[in-house]
Every structure is written in C-alpha cells, then in structure tokens.
Amino acid sequence: MRMLKRASALLLRRGITTYQSRLCRNDSLFRVHSSVSEALAENKPVIALESTIITHGMPYPHNLSTAKEVEDIVRSEGATPATVGVIDGVVHVGLSSEELDHLARCKSSMKVSRRDLPYVVSKGLSGGTTVSATMIAAHRAGIPVFVTGGIGGVHRDGENSLDISADLTELGRTPIAVVSAGVKSILDIGRTLEYLETQGVCVATYGASKNFPAFFSPQSGFTSPFHVFNPEEAAKLIASTLSLGLQSGVLLAVPIPEKHAAAGKLIEEAVQAAVTEASVKGITGRDVTPFILQKVNELTEGKSLQANIALIHNNAKVGSQIACALSRQMSERKCRGNTNRHGKHSDSDIVVIGGINVDFIAKGKAETLIFGQTNPGSVCQSFGGVGRNIAGVFLSDYVHAHVFIRTVKPIVPLIFLPDSLSRLGRSPLFISATGADSHSEAVLHYCKHMNTSGVARLEEQSTATYCAVITASGELSLGLGDMDIHQQITAQYVSQFEKQLSSATLVCLDGNIPVSTIDYVCSIAKKHNINVWYEPTDSDKACKPFLSDAWKSLSYSSPNLAELRTMNKTLGLPTPEVLPSSVEEVLSVAVALSRPLLEHIHCLVVTLGESGVLVCGEHEAGSVNLQPRKQKKKRKLCAVHYPALTVTSDETMNVSGAGDSLAGALMAGILQQRDTDSCVRMGLLAARLSLASPHPIAPTLTFDSVDPNKVKTQEWPKPSFMWID
C-alpha cells in the first residue's frame, strides 16, 4: 500500500483536527489582510483604524458610510487603511467591504477592549475593537500609526470610582502613535492628562498651539506638554519613540477644523445635559459613551454627528500624512544605513535573521534536585542558548542512555547557525538585536569571527537571556527566559539590509522574529527569486509564515514532526491529534503532512528524533534534489529517510547547538552543490561534533571534520527511498 494511503488511514484512526490558524498560539489569533501585509512588507505607509465607531459609535448606515469614507481618505493620501475588528473569534487587521458591512449591520457585536479579547476570541464572537484592542492588533502587525476619533480617559468622579479607560494604560505599554481629536469632552480631561504623564506617554498637540483639544472643541482649557507643527515633525517624534525602545505610545492630539468647531459651544451644552441624564438613569461603564453620543446627537439635531464625522475625516487625513512622512524618513534612513554602514558587507551570500541570547546552565550533581535549598552542582555560561524547547518533550531523548542526533532543534535564537556556517568557510551576515549591556559585549566578542554588522545594540533593552536548571542526567527541572528583545528585529530594521537580502544566495529565518518581518523578507524573496530557509524554532512559532501567503515564498524548512503538524493545522489541513511513535507510522505521517507544503516549498528536512531525518522534495536520480530550483514547475515528489547516528551519554557534553550545526552543515553542503547523501551526512557529523564538545558549536568544526569521505565513522545506515503521490 502506498505511503499516503497508509498515512490517510492513520490520520482517520488517530482523529483529525481541521482547526484554523487561530488555534496556533500567539500570532495565529490575528489575520492580516493581504493589502496590509503587502504594504508593510514593502515599507509603505499603513494606517490602523478602530471599529467601535462602526459597531457602537454611529447608527447604521452612517457608521458604514463613514468607515468607507475614512478608508478612502487614507488611500487618497497615499497610505493603506487597516481597519481592525474581531469576526468569529479572529482578530482581523484590515477588513474587506463585506466584512465592514457585516460589522456595521451586526446587532450582537461586542465592544472589545484588551480585557475582552480573550473571551471574544475563545467564544468565536464578533465585535468592534476599542482604542486599546486596536493598538494591540496594530502593534502585532507592525503598524506604527493608528487613527481614531477620540480616546477614552478618566471618567468624571474617577478619583472615587476609579473608572479609567484601558486606552490610557495601553498607551503606556504599547509603542503605537495614536492620532485623535484629544479626549472626549464627557471625561475629566485634566486627570486624563495627569494619568497619561504617570504612564510615561508622550502627548503633543498637532499644530501651532499647545492647546489640548476636547473632541468637539479645539480647546479644553488644558495644554499639552509638547506640540508638533507638521507631518514631518510628528513623524520624527514617532521615529524617535520607536528607536528609543521605550515600549510606550505617543498621543498626537489634532484639533477639530475651525469651520466645524463653531458648533462646539452648543454641543458642549448638550454634553452636560446628556451627562446629567445618564447619571439620573444610572447608566455606567461602557454604556455611558454610546448613550451620551446618541443623546447629544438628538439634542443638537444632528450637528454633533456632523462634527464627529468631520473630525474623524480630518484625523484620517492628518494621520495618513504623518504615516507617509514616517515611511519616507524610514526609507531615507535605510538608504543611509546601506550606504554608510552596511555597504561593505554586500558580498555576503548568506543572510541569517534571528534571535541571539546568553545562556546560563546550572547542572546539579544529583538526579533529584531539592527546591528551596542550595544543591551542589556546576554553572556555566554559553552563547545562543539551550532555548525554550529544552523544556519540551524531546529533552530526555538528548541525554538518556544513547543520545540520538535527532530533532536537536536549533535553539530558540539562531546565533549558532551563522557560527557554524562561519566555521565552515562561509561568511553570513547575521541580523539580530541585543541590549547595550555587558551580556551584549560578551556575546559579540564570542562572535568576533562572524559578520555581526547587522546586530543592533539597543539602549534601555536587555540582551535575551535564558537560564536552565538541569539534573545530573540532563533532565530539565526549571527554565527561565527573557526573550522580549527579539520583537525588536522588526521589518523596518531589517529593511536597512534590503540590498544584501536581494542579492543573497540563501536567507535563513527563525521563528523568533515578528510575523511582519517574516512577511517582509518573503516579499523580497518573491521579488528577487531568493531562496529562504525557515527554521520554525518550536511548535508555537511554526505557524508564523503560514498565517498569510508568505510561506509560498519559502524554499526550505526544517521542522520536527510537531512543528510540521502546526504548519498544516494553520492552513486548515487535516492533522493527527496524537503523533505516532513507531517508525513506520512516524514516516507515514511525516510524508502525509509534507505533501501539501511541497506544492510551494522546494524541500522539507523533517527531523524525527530517534527515527532520524526525512528529506522530502523533488525527485532526481533516485534521491531528493536539494539544490535550489531555478523555476517552479510540476515535479515528481519523493522522500528519503536517513536513520539517526547514536552518541553515548558519556560522549555527550552539550546539546545546545547540535540542531544548528546540522542545519548549517546541510546548508553549506547545498551551497557547495554536493549530492543529497553528502549534505545530510555532513549535517549529522556536525551535530555529533557539537554534542561531544563543551561548546554549542565545536571549535573543531571545519569542512574536513564533516566531510563524509574523510571522517572515519561507523558504517552509515542505508537510507530508504519512498515515492510521494
């Protein structure tokens, strides 16, 4: 019986899941519209827009027409609109016309703030996102500018009720520029500004005056600490905030146009009357704002609605101009960076983009560690990290009686890969981020033989660190990691190296970097026909390229079986709920899960633990063709299984870098145009060297040390060949 038939039966026997990508953790809960992802990938200006104005701010059809008008204004100014909303439990960044209409008509839409996101997503509900929820989604997508009408704030009598909008705390912890008409006049504006100061939010009025606007009125009686005159100044302020890595936002307060502010006094009187009526009727919390806006609209005979629409239109125009100015400034900075700082490295034929960190490994002398007291043992420091998946289910396979050169996944950061490639005679450009601290100095000194000109050192950021506490046999007892800085490897930063990316022979990405960065690199790869290797890092991050069509630009990937399952699950394809254990079933499932991905990916190197390595791809001369393809064409597919080498526990000294050693040697063999058997065996030999060395990447790693023709080893197990239908 053919392999796929056996696999199909196995999938049915074990139970099929066809959950969409929202079941993947983290980024998989968000869907980015193709127009938005394409604009971000090309460093074009994008404006995030909220959707509570659609679901709760205006009656139908004014809500729908206003939403479409705002998007049209954004487009007319040269930016791409990205309206954010939740539909059936998925956060969408960018909505189609049909989705806008759905939210505008929906009678059961929820008002979704940070607090509400987990519930709405878990229940598969729909809703309009508030300022705070929109900021979260925009930041995750890599959008730096967000336009809204007015933000929430401290409610009147807030000093007693503690009723403070989540918008304010979100501004204090999410690095997004929010363009609004100030704070809604129904709130306590003075206390709101004080609270923003406490949260460390940079507040500036847009225009010649520091007067802080109050939504319908250009003046609130309060002033902003700063003001910016034009889009260029505003863009510089935003760029400075992002560059400093402060992890807080910017509030740009745009006064309503004077011709619409004339009705301000009338509207303010109506606001006071509506506030009084809301208090009498006992209306509180999130119901206050919709009630007051509706009441004010009635009392002003529609003048407040007209003013509301006018200020939103104006904010969209100003915000788009700011986003365009920011995009221009970032492009200019990229050009200067390429010319002045990175031009000399344009000859790097390999580019590696991923995480970097410092590891502390504490190994006890006893098999059982006693918590709450000091245990005898040893502590060592290394660079790159054992990574989070040391805590996974595969750890015991690394260090028990016989250690298989197996999944030995590239650790969470990807530093070992350029290290291994450098020692194998290549000179990859490594793009990453560290803090400006002692850990950074140490790790860059360790990497002095590598091209680290692409590693950013960021002030007020901490270099990623990982601490693992393990028993005498290597079992993990406790792991702690600080990896937040990996999110600073943004598409905007990486775009400084577009020249090197567009001319590279191979680009390697790891799963630590943001989705928007992966999308950007894949767009460059598609444009210039560049080969991209994706190292998933762990099953949680494996889904990232598959949240959009970015994965179709990948040439290679090296997942383990769990990560391969995640990739399929993200695409909505059938997957087994439980992974098999027998070699025959493992191979069947691996082939079945690889098949749909090979429609676009050139080659998959599936690491199977103690079952070895499975290489899947285009058939050529009785094996898999690992060499980069020159053009996409219909192919006959096959798979070759290489059984694992074994290393005894006595020989094993370090498990951190074996995966990257394997991948690096495999890539080096491919770039040397060696045959498939030689490439895979080079990888297995490099991994064995790493396991037997106290260093993650063995200092003895050279081409000669992994050349299968020069290294005396046990007799190589014969690989097995199979067709893929």
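Residue numbers run consecutively from 1 along every chain, following the written order of its sequence. Only residues with pLDDT of 70 or above have their local features reported here, since the model is predicted, and side-chain atom pairs are shown and tallied only from 80 upward, although totals for entire chains, interfaces and linings are computed over all residues. Heavy atoms throughout the structure, all of them, feed into the side-chain values; hydrogens and water do not.

(A) Spatial organisation of the overall build of the protein. Labels follow the DSSP assignment, with helices taken as runs of H or I lasting at least four residues and strands as runs of E lasting at least two, numbered in each case from the N terminus. Summing up its helical and strand segments, the protein has 25 helices and 30 strands in all. Between buried and exposed lies partly exposed: a residue is buried under 20% and exposed over 50% of the maximum accessible area for its type, with that area taken using a 1.4 Å probe on protein chains only. Here the protein holds 725 residues, and 59% of them are scored as buried. Restricting the contact set of the protein to residue pairs at least 6 apart, pairs at least 24 apart contribute 73%. Accessible surface computed for the protein: about 28,700 Å², of which carbon and sulfur atoms make up 51%. Residue contacts are counted whenever heavy atoms from the two residues lie within 4.5 Å of one another. Note that accessible areas follow from Shrake-Rupley with a 1.4 Å probe, and for residues the cover is restricted to the protein chains shown.

(B) Focus on the packing of helix H4 (residues 62-76) against helix H5 (residues 97-105). Axis lines are fitted to C-alpha atoms, over the contacting stretch for helices. Their N-to-C directions set the angle, which ranges from 0 to 180 degrees. In the contact formed by H4 and H5, the axes pass within 9 Å of each other and the chain directions differ by 145°. When you trace H4 past H5, the crossing you get is right-handed. On H5, the residues that touch Asn 63, Leu 64, Ala 67, Lys 68 and Glu 71 of H4 are Leu 100, Asp 101 and Ala 104. Three classes are used, and their members are as follows: Ala, Val, Leu, Ile, Met, Phe, Trp, Tyr, Cys and Pro are nonpolar, Asp, Glu, Lys and Arg are charged, and the others, Gly among them, are polar. Taken together, the residues that form the contact of H4 with H5 break down as four nonpolar, one polar and three charged. For a crossing to be left-handed, the near helix must be turned anticlockwise from the far one by less than a right angle; the clockwise case is right-handed.

(C) Local environment of the packing of helix H22 (residues 561-570) against helix H23 (residues 583-597). H23 packs onto H22 with a crossing angle of 40° between their chain directions and a minimal axis gap of 10 Å. The orientation of H22 relative to H23 falls into the category oblique. In this structure, H22 crosses over H23, and the sense of that crossing is left-handed. Of the residues in H23, those touching H22 at Leu 561, Leu 564, Arg 565, Met 567 and Asn 568 are Val 586, Val 589, Ala 590, Leu 593, Ser 594, Pro 596 and Leu 597. For the contact of H22 with H23, the class distribution of residues is nine nonpolar, two polar and one charged. In these notes the angle categories are as follows: under 35 degrees is roughly parallel, over 145 is roughly antiparallel, 65 to 115 is roughly perpendicular, and the rest is oblique.

(D) Structural context of the pairing of strand E28 (residues 637-642). Taking burial as the measure, the six residues of E28 include six buried ones, the bulk of the element. The side-chain alternation of E28 yields two buried faces, one formed by Leu 637, Ala 639 and His 641 and the other by Cys 638, Val 640 and Tyr 642. Here, any two strands with at least 2 DSSP bridges between them count as paired. Note: strand E26 (residues 613-620) against E28, six bridges, orientation antiparallel. Across the sheet, the residue bridging to Gly 617 is Cys 638, located in E28. The pairing of E28 with strand E30 (residues 720-724) spans five bridges and is classified as antiparallel. Following the sheet pairing, Ala 639 is matched in E30 by Met 722.

(E) Just the pattern of salt bridges, in detail. Only one rule defines a salt bridge in this text: a Lys or Arg side-chain nitrogen within 4 Å of an Asp or Glu carboxyl oxygen. Scanning the model with the defined rule gives 15 salt bridges in all. A salt bridge links Arg 173 to Glu 170; the nearest nitrogen and oxygen atoms lie 3.8 Å apart. Its relative accessible area of 44% is what places Arg 173 among the partly exposed residues. Salt bridges linked by common partners bring Glu 277, Lys 281, Lys 295 and Glu 298 together as one network.

(F) Just the packing of aromatic side chains, in detail. Centres within 6.5 Å make a pair out of two Phe, Tyr or Trp rings, where for Trp the six-membered ring is used; the pair is then stacked when the planes are under 30 degrees apart, edge-to-face when over 60, and tilted otherwise. Considering all chains together, one arrives at four aromatic pairs under this definition. Measuring from ring centre to ring centre gives 5.4 Å for Phe 546 and Trp 551, while their planes differ by 25°; the resulting arrangement is stacked. A relative accessible area of 6% places Trp 551 in the buried class. Any Lys NZ or Arg CZ that is within 6 Å of a ring centre and within 35 degrees of that ring's normal is treated as a charge sitting over the ring. Across from the ring centre of Trp 723, 4.5 Å away, lies the NZ or CZ of Lys 636, which sits over that ring.

(G) Representation of the environment of Ser 248 within the structure. Mapped onto the secondary structure, Ser 248 falls in the loop between helix H11 (231-244) and strand E12 (250-253). Placed 48 residues apart in sequence, Ser 248 and Gly 200 show a C-alpha to C-alpha distance of 6.9 Å. Among all residues touching Ser 248, those that are not within four sequence positions of it are Leu 171, Gly 172, Arg 173, Thr 174, Pro 175, Gly 200 and Thr 241.

(H) Examining the nonpolar core more closely. In this description, a nonpolar core means a group of buried Ala, Val, Leu, Ile, Met, Phe, Trp, Tyr and Cys residues linked to one another through side-chain atoms lying within 4.5 Å. One finds Ile 143 and Leu 252 to be the most contacted residues of the largest nonpolar core, which totals 90 residues. The contacts of Leu 252, once residues within four sequence positions are left out, are Val 178, Val 179, Ser 180, Ala 204, Val 228, Ala 234, Leu 237, Ile 238 and Ile 322.

(I) Broad picture of the side chain of Lys 541. Checked against the element boundaries, Lys 541 lands in the loop between strand E22 (531-535) and strand E23 (556-557). Contacts described as polar in this section are N or O atom pairs within 3.5 Å, which, within protein, must combine one atom able to donate a hydrogen with one able to accept it, while residues neighboring in sequence count only if both atoms come from side chains. Side-chain polar atoms of Lys 541 contact the side chain of Asp 538, separated by 2.9 Å.

(J) How the structure looks around unusual backbone geometry. Looking along the chain, the bond that leaves Tyr 60 and enters Pro 61 is cis, with omega of 10°. Its place among the elements puts Pro 61 in the loop between helix H3 (52-57) and H4. Phi is positive for Gln 247, which is not a glycine, with a value near 60°. Of the residues examined, Gln 247 reaches a relative accessible area of 30% and is grouped as partly exposed. One non-glycine residue, Asn 529, lies in the positive phi region at around 60°.

(K) Just the pairing of strand E17 (residues 429-435), in detail. In terms of residue burial, E17 counts as a mostly covered element, since seven of its seven residues are buried. In E17, alternate side chains face the same way, and those of Leu 429, Ile 431, Ala 433 and Gly 435 on one face and Phe 430, Ser 432 and Thr 434 on the other are all buried. Two strands pair when backbone bridges link them, and strand E13 (residues 350-353) and E17 are joined in this way by three bridges, in the parallel orientation. Bridging across to E17, Ile 353 finds its partner in Ile 431.

(L) Representation of the environment of Arg 595 in the model. Mapped onto the elements, Arg 595 comes out in helix H23. On the basis of relative accessible area, Arg 595 is assigned to the partly exposed category, the value being 21%. Within the structure, the side chain of Arg 595 is placed 2.7 Å from the backbone oxygen of Asp 725, a separation counted as a polar contact.

(M) Local environment of helix H21 (residues 515-528). To estimate the expected span of a helix, count its residues, drop one, and scale the result by 1.5 Å. For H21, spanning 14 residues, the distance from its first C-alpha to its last is 20 Å, which sits close to the expected 20 Å at 1.5 Å a residue. Counting buried positions along H21 yields ten of 14 residues, so the element is predominantly enclosed. Along H21, the positions that sit buried rather than exposed are Val 515, Ser 516, Thr 517, Ile 518, Asp 519, Tyr 520, Val 521, Cys 522, Ile 524 and Ala 525. Backbone geometry just downstream of H21 places Asn 529 in the positive-phi region, at approximately 60°.

(N) Geometry of the state of the cysteines. Pairs of cysteine sulfur atoms within 2.5 Å are what we label disulfides. For the structure on display, the rule yields zero disulfides. Cys 616 supplies the cysteine sulfur nearest to Cys 638, a cysteine that is in no disulfide, at a spacing of 8.3 Å. On the basis of relative accessibility, which here comes to 0%, the residue Cys 638 falls in the buried class.

(O) Seen up close, the environment of Pro 536. Considering the arrangement of structural elements, one finds Pro 536 in the loop between E22 and E23. For Pro 536, a relative accessible area of 0% corresponds to the buried category. For the pair Pro 536 and Leu 564, spaced 28 residues apart in sequence, the C-alpha separation works out to 9.1 Å.

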